[in-house]
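Chains, contacts and geometry: an overview
One-letter residues, chain by chain:
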Amino acid sequence: MWKAALLTLGLLAVLVDRVRTNDGHPSFYGVKLCGREFIRAVIFTCGGSRWRRGIEDPALIGEEAYDPWNTKAIPQLNGEQDPAESQQAWRDQTLKAASVGFSRSSRSPISEEVLEALRSADRKERDVVVGLMEWQPDEQGLQQVLQLLKDSQSPDTATQRAVQEKLEQLNQFPDFNNYLIFVLTSLKSEDEPTRSLSGLILKNNVKAHYQNFPPNVAEFIKRECLNNIGDPSPLIRATIGILITTIASKGELQTWPELLPQLCNLLNSDDYNTCEGSFGALQKICEDSSELLDSDALNRPLNIMIPKFLQFFKHCSPKIRSHAIACVNQFIIGRAEALMDNIDTFIESLFALAGDEDSEVRKNVCRALVMLLEVRIDRLIPHMHSIIQYMLQRTQDPDENVALEACEFWLTLAEQPICKEALSGHLVQLTPILVNGMKYSEIDIILLKGDVEEDEAVPDSEQDIKPRFHKSRKCSAAALDVLANVFREELLPHLLPLLKGLLFHPDWVIKESGILVLGAIAEGCMQGMVPYLPELIPHLIQCLCDKKALVRSIACWTLSRYAHWVVSQPPDSHLKPLMTELLKRILDGNKRVQEAACSAFATLEEEACTELVPYLSFILDTLVFAFGKYQHKNLLILYDAIGTLADSVGHHLNQEEYIQKLMPPLIAKWNELKDEDKDLFPLLECLSSVATALQSGFLPYCEPVYQRCVTLVQKTLAQAMMYSQQPDQYEAPDKDFMIVALDLLSGLAEGLGGHVDTLVSRSNIMTLLFQCMQDTMPEVRQSSFALLGDLTKACFSHVKPCIAEFMPILGTNLNPEFISVCNNATWAIGEICMQMGVEMQPYIAMVLSQLVEIINRPNTPKTLLENTAITIGRLGYVCPQEVAPVLPQFIRPWCTSLRNIRDNEEKDSAFRGICMMIGVNPGGVVQDFIFFCDAVASWVSPKDDLRDMFYKILHGFKEQVGEENWQQFSEQFPPLLKERLAACYGV
C-alpha cells in the first residue's frame, strides 16, 4: 500500500513538473509546483489511521460579538447571489475574454467546440446561473479538460507545447477555473494525481491572477474548498489546503472572514478526514501568515486559535497532535501575544507529550523546545535539568528527523549565557552521544558510494554538483564544535579517552568518525590539543594514504583545521610532509578526495603565504596537471586553490617559468567558456588574483581578458535596461557576471598599474563605470567603487574628467547600512583626493560630514573605521583649511582607529594630514592630545620628515603648557607610552 502511495506522489511530482508557469507574461496562467508546495503535498499526505473521538466535546471558544466564530451556518455557504448581478458580471468577463479570439488551428486535444462552449456559457437562455451553487460543467468540455490534464503527463515535447498553448488560451476564460475546482473537489471517480494536478494549476492561477477573478468564481472556489476539506484522499486534502492558503495569502484573510472560524469549527468534526484536512489547512495558513494572524487587522484571531490548538495536544490521533503542535510552533519566534499569554500551558502540554510514541509528534516537541530556548529561556530554566535529560534521549532517537531536531538544541543552548552552568554536569553523557552521532550510517555509505575508490573518469551528474547533506552527522559535529568553543580545555577529559580509541580503530568507519571529531574540536580546544599534535599530525598525514576514500577526504579537512599550528612549526617537521601528501591527494583517483584536498590546500596556502615560495614549481606542476584530470565540480574548486595561491605568494609568482606553467591552461579554459556560462564566475575571480600577483607578467594576456570583461559589463547593463523598460518581454540579467567582470578589471588595474592606461583609453569603461556606480544592487556598487579606486591609482588621467559626476555619487554612498559599499566608496575618495590635491576643495563639503558621522558611529566595523580615518586624514592633507575646523569632532576616534595599523603609505599620508590640520587648528586637539600622543607612538619607523612633524607638535605643545603642566599631563600616560615618547621624541 505504501509503495502505491509513494508511486502516486512520485507521479504527481513528475506531472506537475511537466507544466511550467510563464511568469513573464501576466496575461497567462500556468503550472509551476514550487518547492514549498511540493513538500507540503508530500508531507500532508501521510495520513494516520481512523480515530475515535478522544477529547470531550469542547465548548466553542469565542465571544458572542465575534459573529464569524459562532457555530451557526455561514450564510455565504448557503445563500444565493443576486442572479442579475451575477449574470452581468459573468457576461462581462466572458465577452471580454471571448474578444481575444482563437482562430488558428492546433493539434491540442482541446477542441474548438469546447472553447466556443466556454465563450458562450452565459449566452444560453437557461436559469442555472443562480449564485454559482448550481454551476455544472459542460460534459464535453469536462472530458476535454480531463484529457488535457492527462496529456500534460506526456514526455513528448510537441504534446507538451500544445498543452501549454491550450492552457494559456483556456486560462483567459474565468469559467476554466470552475472546471479546475470541479475536477479537484467533485470528480471523485477520477484518479488522484489528475485531480491534484487540477488543483495545483488552479493554485497557480490564484497566485498570479486572483485579483482578476470575477467575484462569483472566487466565491465558488472558496465554497468548494471549505465543503471538501474532508476529502477521503490525503493527497486531495493536502492540495485543497494549499489552495486555501494561497487564496488567503492574496489578502483574502481580511475579506474571507468565515475562513478561520469555519476551519476551527471543523476541527470538532467526528470525521477524521474533516478534522485532519482542516488542521492541515490551518497549519499552512499559520506558516504563511503568522504575522498577520497576530495583528489587529484580523481582530487577533490567535486569542481563540491558540487555546483551541492546545486542546488538541491531547488528541488520540498522532497526526492531529502533530498538526496542533506545528500550528502553535509557528508563533514562538515572533513571540505572539496570545501564545505568550498561554506560555505555561503550552510548555506543560509539551512536557506531557515528551514520551509520545509518534515520531512526528516528538520531532515537533523538540522543535518547540529549541525555539523556546531562544525566546523564553526564563520559562525553561526551572526545568532545564529534565529538558537536557530528555534531549539526550531524543538525540539518540531511532528516527533520524527527531534526532536532528534534538541535536539543534545543543547548538542553540551553546549561544545562551547559561550554557556552561547548565551543561557542565551533563558533558559526561552528552560527549559520547555526539561523538557516536558522527559516524556514517550504512545508508550514508551507500549514498556516498563509500566503496567506490576511483571515479575520477566519471562525469559529474547534476546530483554530484548539488550540496550534500548528511544531517545528523553534520549536526552532531557542529554541536561538538560550538561546545568546544564554550568549554575549551574542560571538554578534553571527556573526549580524549574516546578519541584515542577512535583514531586508531581497525574499523575504517569508526576511525573516520574519530578524525572528524578531532577536526570539530580544533578551534575551541586548540590550546589543550597542542601537546598531542606532534604525535597526531603525522598520524593524520598517514591517513591521507588510507585505502578508504572517505578516510582520506576527512583527513584532508581535519588537517586543514590545524594548518595554523603546522605552519608555526619548523617547515621540515610538518609543513613539507603535509604539503607533499596533500598535493598527491589533489591528484587522487577519487573525486571526493580531490575536492577535500584542494580545499585543504587552499587553507594551507592562506596560512603559509610566502613559506610556499620555495615549492612553487612543484605546486604549480600539480595544480596544472589537475586541469586535465578534474571533472566539472572540482574544476571550480581548483580555480579557488590557484587564486588563493596567487593571493598568498603575490609577486613571487611573476617568474617566467611559473607564468608559462600556469597561464596556458587558464587561458584555454577562458576561451572555452561562453559569456553566459556561470563557470566564468570562479575563473574570473581566479584570474583577478593571478593578474594582481603577476603584475607586468600578465601583460601578454591582458588585452583579450580586458575586452571580454568590458563586454560582459556592457551586455549586463544593456539587458538590465531592456528588462526595466519591458519586463514582460525580457528576463532580468544575472548581475553576478558584471560583478566578477568589474572585480577582474580591478585586478588588472592593480596588477598592471600604468600599463592599463592604453586599454582604458581604447574602451568606454568610464561611461560603463558611471552606470554601475548607480546600480540598485549594492554588490555592483561595491565592485564599481573598488574599480574606481584602482583606476585612480593606475591611470588618473582617465578618471579626472569624470570627477564632477563621480563625487556626488560617492557622497551618497557613504551609508554604513551597506558596509562594503560604504567602505569601498570611502577608500576611493581617499585615493581620488591624493591625486586631485588642492583641486579637491570643491568636493570636501560633499563627503566630510558623512565621514565624521561614520567615524563616531558605535559598532562600526574595524576596516571601515580605518578607511574612514585614512580618508579624513588625506582630505586634511590636501585641504587642511577646509577640514581642520571640525578637528575636535573626530580626533579621538581617528587616533584610536589608526593606532593599531601597520606602517604603510596610506597611514603615512593620513598622519601627514592630521599634522597639517593641527598646524591650522592646534586648539582642536587639546582636549584629546593624549590620544594623539598614543597614535604617534604606534609608529615603528616613520619617515624622517614625518618624524620631524611629530617632534615639532609634541615639543610645541610641551612648550605651550610649560614644564610643570607637561609633567602633570604626562603622568597620565601608561608606562610603555611614556617610555616610547621619551625614547623617540625626547618628551
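Residues numbered from 1 in each chain as written. Predicted model: local features only at pLDDT ≥ 70, side-chain atom pairs only at ≥ 80, totals over all residues. Heavy atoms only, no water.

1. Concerning the overall build of the protein chain
The criterion, for reference: Segments assigned H or I by DSSP are reported as helices when at least four residues long, segments assigned E as strands when at least two residues long, and all are numbered from the N terminus. Residues are treated as being in contact if the distance between any of their heavy atoms lies within 4.5 Å. Residue burial considers only the protein chains on display, and all accessible areas are found by Shrake-Rupley using a 1.4 Å probe.
Counting secondary structure elements, the protein chain contains 56 helices and zero strands. Considering only residue pairs separated by 6 or more positions, the protein chain has 76% of its internal contacts joining residues 24 or more positions apart. Entry remark: accessible area of the protein chain is about 42,800 Å², with carbon and sulfur atoms responsible for 52%.

2. A few points about the side chain of E190
For E190, the position within the fold is in the loop between α8 (174–185) and α9 (192–209). Ignoring anything within four residues of it in the chain, the contact list for E190 reads L146, K150 and R195.

3. Section: the environment of K674
How we decide: Any residue under 20% of the maximum accessible area for its type is buried, any over 50% is exposed, and the rest in between are partly exposed; the area is computed with a 1.4 Å probe on protein chains only.
Among the secondary structure elements, K674 is positioned in the loop between α38 (656–672) and α39 (680–694). Residue K674 is classed as exposed on the basis of its relative accessible area, which comes to 57%.

4. Digging into the packing of α9 against helix α11 (residues 234–255)
To keep it simple, the criterion reads: Every angle, taken between N-to-C directions, lies between 0 and 180 degrees, and every axis is a line fitted to C-alpha atoms, over only the stretch in contact when it is a helix. Angle categories are assigned with fixed cut-offs, so that under 35 degrees is roughly parallel, over 145 is roughly antiparallel, 65 to 115 is roughly perpendicular, and the rest are oblique. Ten residues, namely Ala, Val, Leu, Ile, Met, Phe, Trp, Tyr, Cys and Pro, are considered nonpolar, four, namely Asp, Glu, Lys and Arg, are considered charged, and the remaining ones, Gly among them, are considered polar.
It is the contact of α9 with α11, at a shortest axis distance of 9 Å, that shows an interaxial angle of 5 degrees. As summarised for this structure, α9 and α11 are arranged roughly parallel, according to the angle between their axes. Packed against α9, whose contacting residues are E192, R195, S196, G199, L200, L202, K203, V206 and K207, the element α11 presents L235, I236, T239, I242, L243, T246, I247 and K250 at the interface. Of the residues contributing to the contact of α9 with α11, the split by class is eight nonpolar, four polar and five charged.

5. Some points on a negative patch on the surface
We count it as follows: Exposure above 30% relative accessible area and the lack of any salt bridge qualify a residue for a patch; like charges then connect within 9 Å, and the nonpolar side chains Val, Leu, Ile, Met, Phe, Trp and Tyr within 5 Å. By convention in these notes, a salt bridge is any Lys or Arg side-chain nitrogen within 4 Å of a carboxyl oxygen on Asp or Glu. The charge count includes Lys and Arg as positive and Asp and Glu as negative, but it does not include His or the ends of the chains. For this purpose, a charge sits on NZ of Lys, CZ of Arg, CG of Asp or CD of Glu.
Residues E606, E607, D640, D647 and E685 make up a contiguous surface patch of negative charge. Sorting the residues of the negative patch by element identifies α35 (591–608) and α37 (632–649) as the ones contributing at least two each. By the element assignment, D647 lies in helix α37. Classification of D647 as exposed rests on a relative accessible area of 53%.

6. Observations regarding helix α6 (residues 139–151)
Here is the rule we go by: Take the number of residues in a helix, subtract one, and multiply by 1.5 Å to get its expected span. Throughout this description, a polar contact denotes any pair of N or O atoms lying within 3.5 Å of each other; where both atoms belong to protein, one of them has to be capable of donating a hydrogen while the other can accept it, and for residues adjacent in sequence the pair is counted only when both atoms sit in side chains.
With 13 residues, α6 ought to run about 18 Å at 1.5 Å a step, and its terminal C-alpha atoms sit 18 Å apart, in line with that. For α6, the full list of buried residues reads G141, L142, Q144, V145, L146, L148, L149 and D151. Where α6 begins, one side-chain oxygen reaches toward the backbone nitrogen of Q140, 3.2 Å away; that side chain belongs to D138.

7. Regarding helix α51 (residues 887–898)
Taking 1.5 Å of rise per residue, 12 residues should cover 16 Å, and α51 covers 15 Å from first to last C-alpha, within 8% of that figure. Residues of α51 that are buried: L887, F890, I891, P893, W894, C895, S897 and L898. As for α51, its buried residues are in contact with α48 (844–855), α49 (862–878), α50 (880–883), α52 (905–920) and α53 (929–937).

8. Side note on a nonpolar patch on the surface
Together, M722, Y723 and Y730 make up a nonpolar patch on the protein surface, roughly 240 Å² of accessible area in all. For Y730, a relative accessible area of 31% gives the class partly exposed.

9. Thoughts on the packing of helix α18 (residues 343–352) against helix α19 (residues 359–375)
The description of two packed helices rests on the angle between their axes and on the distance between the axes. Put simply, the rule is: Crossings are assigned a handedness: left-handed for a near helix turned anticlockwise from the far helix by less than a right angle, right-handed for a clockwise turn.
In the contact formed by α18 and α19, the axes pass within 10 Å of each other and the chain directions differ by 140 degrees. Taken as axis vectors, α18 and α19 run oblique relative to one another. Classified by chirality, the crossing of α19 by α18 is left-handed. Contacts between α18 and α19 pair I343, F346, I347, L350 and F351 from the former with V365, A368, L369 and L372 from the latter. In the contact of α18 with α19, the residues fall into nine nonpolar, no polar and no charged.

10. Looking at the nonpolar core
Most often, soluble globular proteins have nonpolar side chains that are buried together. Using the following cut-off: The term nonpolar core refers to a set of buried residues drawn from Ala, Val, Leu, Ile, Met, Phe, Trp, Tyr and Cys, joined through side-chain atoms within 4.5 Å.
By size, the foremost hydrophobic cluster in this structure holds 316 residues, and its most contacted members are F346, W410, I521, F698, M840, F890 and W894. Here this core takes 11 residues from helix α41 (residues 736–752), the largest share from any one element. What F346 contacts, discounting residues up to four positions off in sequence, is L310, F313, V328, N329, I332, L339, A368 and L372.

11. Some words on unusual backbone geometry
For N299, which is not glycine, the phi dihedral falls at a positive 65 degrees. Its location among the elements puts N299 in the loop between α14 (290–293) and α15 (302–311). Phi at R300 takes a positive value of approximately 50 degrees, unusual for a residue other than glycine. Mapped onto the elements of the fold, R300 is located in the loop between α14 and α15. Note on R300: relative accessible area 23%, which makes it partly exposed.

12. Side note on the side chain of N634
By secondary structure assignment, the location of N634 is in helix α37. Given a relative accessible area of 3%, N634 falls into the buried group. Polar side-chain contacts of N634 include one of 2.9 Å to the backbone oxygen of K591.

13. A word on the pattern of salt bridges
Counting across every chain of the model gives 44 salt bridges. A salt bridge links R300 to D294; its shortest N-O distance comes to 3.2 Å. The partner of K584 in a salt bridge is E581, and the shortest N-O contact between them spans 3.1 Å. Taken together, the positions of K584 and E581, both in helix α34 (residues 575–586) and three residues apart, correspond to about one turn of that helix.

14. Considerations on the confidence of the model for the protein chain
Definition in use: Summary of the metric used: pLDDT quantifies the predictor's per-residue confidence within the range 0 to 100.
Per-residue confidence for the protein chain averages 84 on the pLDDT scale, and 84% of its residues sit at or above 70. Every residue in residues 1–111 scores below 50 in pLDDT, and together they form 212 contacts with partners more than four places removed in sequence or on other chains. With pLDDT under 50 throughout, residues 465–469 is counted as low confidence; its partners more than four residues away or in other chains account for eight contacts.

15. Examining the state of the cysteines
Defined as follows: The rule for a disulfide is simple: a pair of cysteine sulfur atoms within 2.5 Å.
In this structure the tally under the stated criterion is zero disulfides. As a non-bridged cysteine, C475 has C407 as the owner of its nearest cysteine sulfur, 3.7 Å distant. With a relative accessible area of 6%, C475 lands in the buried category.

16. Some thoughts on the packing of aromatic side chains
Rule in force here: Between rings of Phe, Tyr and Trp, where Trp is taken as its six-membered ring, a pair exists when centres lie within 6.5 Å; planes separated by under 30 degrees are stacked, by over 60 edge-to-face, and by other angles tilted. Here, over-ring charges are defined by two tests on the NZ atom of lysine or the CZ atom of arginine: distance to the ring centre within 6 Å, and angle to the ring normal within 35 degrees.
One pass over the full model with this rule turns up 23 aromatic pairs. Summarising the aromatic geometry, the rings of Y210 and F213 are spaced 5.4 Å apart at their centres and angled 50 degrees between planes, so their arrangement reads as tilted. Judged by relative accessible area, F213 falls into the buried class, the value being 8%. Each ring, one from F957 and one from F969, has its centre 5.7 Å from the other, and the planes form 50 degrees; the classification is tilted. Highlighted residues: F957 in helix α54 (residues 944–961) and F969 in helix α55 (residues 963–970), separated in sequence by 12 residues. Across the pair, exposure class does not vary: F957 and F969 are buried alike. By the ring-pair criterion, three or more aromatic residues cluster together here, those being W894, F911, F929, F932, W939, F950, F957, W966, F969, F973 and Y985. The ring of W670 carries the charged tip of R708 above its face, separated from the ring centre by 4.9 Å. One residue, K907, lies across the ring of W939, its end atom 4.8 Å from the ring centre.

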